[in-house]
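# Commentary on secondary and tertiary structure
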Amino acid sequence: MLLFNTCNKSVELGQDRNIAALTLNFYVHIFFGDYMNNKFVDLALEEAKIAYDLNEVPVGAVVVKNGEVIAKAHNLKRSTNNIMNHAEIISLIEASNYFGDWRLNDCEMYVTLEPCPMCAGAISQSRIKKIYIGTESNIKNNKNIISSILQNNESDHFVSIEYLNNKDCSDILTRFFSNKR
């Protein structure tokens, strides 16, 4: 008896549990993966809009574990006169406080803008599993720099990186900086 069949894959009654579970996970990722990415990037974008309204560089970050939002933040560098108050750093601190541990194993971060080297170092140190980046930075070689920080084979931690190329993340930055020039 066929339980479902799509994309030339099927799960059948009596099929090995491991194979059935892998097949089901494949479909969940295919059908809901983009939805979940969009949901969390939208939350990061909401944070970026808060920063925009505060006349901060509009960057937002969200830390997620097992589909649950653990922390979210936006840039507060200008408002607080503190160079460390980037969205990524603030969200890492909040997530660490939530767990009572600096190790954020199995957590993922969604951020609207490619991190700076300082934030990339903090992300690596926190043991974030994967980072989803809304849009690339226009700073020369930043992609190579953060890649070397997050994906250094000589480091004790490797962070997966996925660029989402989200137009809304790019647009809010363009709008912010065009108003400044």
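Here is a short report on the structure shown in this document.

Procedures and definitions
Here the residue numbering is sequential within each chain, running from 1 through the sequence in written order. Given that the model is predicted, a residue must reach a pLDDT of at least 70 before its local features are reported, and side-chain atom pairs must reach 80 or more before they are shown or counted; all residues, however, enter totals for whole chains, interfaces and linings. Side-chain measures here rest on the full set of heavy atoms in the structure, leaving out hydrogens and waters. Helix and strand assignments follow DSSP, with helices taken as H or I runs no shorter than four residues and strands as E runs no shorter than two, numbered in order from the N terminus. The contact rule is simple, with two residues in contact once any of their heavy atoms fall within 4.5 Å. Surface exposure here means Shrake-Rupley accessible area, sampled with a 1.4 Å probe, where a residue is shielded only by the protein chains that are shown. Two strands pair under a simple rule: DSSP has to find at least two bridges between them. To define axes, lines are fitted to C-alpha atoms, for helices over the stretch in contact only, and angles between the resulting N-to-C directions are given on a 0 to 180 degree scale. Remark: exposure states derive from per-residue accessible area (1.4 Å probe, protein chains only) relative to the maximum for the residue type, with buried under 20%, exposed over 50%, and partly exposed in between. Throughout, right-handed denotes a crossover for which the path from the first strand over the helix to the second runs clockwise when the strands point away from the viewer. Throughout, disulfides are identified as pairs of cysteine sulfur atoms within 2.5 Å of each other. Patch membership is restricted to residues that have no salt bridge and whose relative accessible area is over 30%. Joining uses 9 Å for like charges and 5 Å for the nonpolar side chains Val, Leu, Ile, Met, Phe, Trp and Tyr. Any Lys or Arg side-chain nitrogen located within 4 Å of an Asp or Glu carboxyl oxygen qualifies as a salt bridge. Only buried Ala, Val, Leu, Ile, Met, Phe, Trp, Tyr and Cys residues count toward a nonpolar core, and they belong to the same one when joined by side-chain atoms within 4.5 Å. Distance and chemistry together define a polar contact, namely a pair of N or O atoms within 3.5 Å, with one atom able to donate a hydrogen and the other to accept it when in protein, and with adjacent residues in sequence counting only for side-chain atoms on both sides.

## Section: the overall build of the chain
Of the regular secondary structure elements, the chain holds 6 helices and 7 strands. In the chain, the order of α-helices and β-strands from amino to carboxyl end is β-β-α-β-β-α-α-β-α-β-α-β-α. Long-range pairs, those at least 24 residues apart, make up 54% of the contacts in the chain between residues at least 6 apart in sequence. Carbon together with sulfur atoms contributes 50% to the accessible area of the chain, which is approximately 10,600 Å² in total.

## Considerations on the sheet that holds strand E6 (residues 130-135)
Strand order in the open sheet formed by 5 strands is E4-E3-E5-E6-E7, and the pairing between neighbours is mixed. Each edge of the open sheet is held by one strand with a lone partner, namely strand E4 (68-74) and strand E7 (160-163). Pairwise comparison of adjacent strand axes, ignoring direction, gives a mean angle of 15 degrees for this sheet.

## Re the pairing of E6
Of all 6 residues that make up E6, 6 are buried, and the element is covered over most of its length. Pairing of strand E5 (residues 107-113) with E6 involves 5 bridges; the strand directions are parallel. The residue of E6 that forms the bridge with valine 111 is isoleucine 133. Relative to E7, E6 runs parallel, the two being bridged by 4 bridges. What sits directly across from isoleucine 133, in E7, is tyrosine 163. With respect to chirality, the unit in which E6 leads through helix H5 (residues 142-150) into the neighbouring parallel E7 is right-handed.

## Looking at the environment of serine 155
Inspection of the secondary structure assignment puts serine 155 in the loop between H5 and E7. According to the relative accessible area criterion, serine 155 is partly exposed, its value standing at 28%. Each C-alpha atom of the pair serine 155 and serine 124 lies 9.0 Å from the other, and the pair is 31 residues apart in sequence.

## Details of the state of the cysteines
Following the criterion strictly, the structure yields 0 disulfides and no others. The cysteine cysteine 116 is free of any disulfide, with cysteine 119 supplying the nearest cysteine sulfur at 3.7 Å.

## A closer look at a nonpolar patch on the surface
Among the surface-exposed residues, Ile83, Met84 and Met118 lie close enough to one another that they form a single nonpolar patch of about 270 Å² accessible area. One can find methionine 84 in the loop between helix H2 (77-80) and helix H3 (87-99). Overall, methionine 84 belongs to the partly exposed group, its relative accessible area being 38%.

## What about the nonpolar core?
Core analysis: the largest hydrophobic core is formed by 35 residues, its most contacted members being Val63, Met109, Tyr110, Ile123, Ile128, Ile131 and Leu150. For this core, the element with the most residues is helix H1 (residues 17-53), which contributes 6 residues. When near neighbours in sequence (up to four residues on either side) are disregarded, isoleucine 123 contacts Glu88, Leu92, Met109, Pro115, Ile128, Ile131, Leu150 and Val159.

## Notes on the side chain of arginine 127
In this fold, arginine 127 is placed in the loop between helix H4 (117-126) and E6. Engagement of the side chain of arginine 127 in a polar contact is seen with the backbone oxygen of glutamine 125, the distance being 3.1 Å. Contacts of arginine 127, omitting those with residues within four sequence positions, involve Trp102, Arg103, Leu104, Asn105, Asp106, Asp156 and His157.

Coordinates in, geometry out; function isn't part of it.
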